[in-house]
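A structural walkthrough
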Amino acid sequence: SEVDASLGPVLSRSIYKRGRSLYLKLGEEEIEYDAAFQLYLQTNLSNPHFRPEVAAQCTIINFIATERGLEEQLLAKVVELERKDLEDRLTSLAQS
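Position numbers for residues count from 1 along each chain, tracking the sequence in the order it is written. Only residues with pLDDT of at least 70 get local features here, since the model is predicted, and only at 80 or more are side-chain atom pairs given and counted; chain-wide, interface and lining totals rely on the full set of residues. Side-chain figures throughout are based on the complete set of non-hydrogen atoms in the structure, without hydrogens or water.

1. With respect to the pattern of salt bridges
Heads up, the rule is: Each salt bridge in this description consists of a side-chain nitrogen of Lys or Arg and a carboxyl oxygen of Asp or Glu lying within 4 Å of one another. Elements are defined by DSSP. Helices are runs of H or I of four residues or more, strands are runs of E of two residues or more, and each kind is numbered from the N terminus. Whether a residue is buried, partly exposed or exposed follows from its accessible area with a 1.4 Å probe, protein chains only, as a fraction of its type maximum: under 20%, in between, or over 50%, in that order.
Per the counting criterion, the structure on display carries six salt bridges. With a closest N to O distance of 2.8 Å, Glu30 and Arg18 form a salt bridge. Separated by twelve residues along the polypeptide, Glu30 in strand 3 (residues 29–33) and Arg18 in strand 1 (residues 15–18) bring together distant segments of the chain. A residue is classified by how much of its surface remains accessible, and Arg18, at 45% relative accessible area, is partly exposed. A salt bridge links Asp88 to Lys84, with the shortest nitrogen-to-oxygen separation between them at 3.6 Å. With a gap of four residues between them, Asp88 and Lys84 both fall in helix 4 (residues 84–95), about one helical turn apart. What makes Asp88 partly exposed here is its relative accessible area of 42%. For Lys84, a relative accessible area of 46% gives the class partly exposed.

So this is what it looks like as structure tokens:
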């Protein structure tokens, strides 16, 4: 997934102060910046990948994953590695 390059100054928070106001240069234009400004981007891609420099400038949240789901996945991995016999038993019970 690509984020438009024109958003670079916003993502990197390239804000500067002139007098009592904060500004952000967006393209060739200087825009007054509000400290309360927040930017939310969303995608309909199920598994988006961002360049490392973009990911480092943002907080990326996957709303599909839940805490309980992650706990179940982690527990399944631990059981698979530590107690293969239990994993096999669970698989056979699930198929019954």
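2. A look at the pairing of strand 1
Condition: In short, DSSP must find at least two bridges between two strands for them to pair.
As defined by bridge partners, strand 1 adjoins strand 2 (residues 21–26) across four bridges and the pair is classed as antiparallel. What sits directly across from Arg18, in strand 2, is Ser21. Where strand 1 folds back onto strand 2 in an antiparallel hairpin, the turn is made up of two residues, including Gly19, whose phi is positive at roughly 70°.

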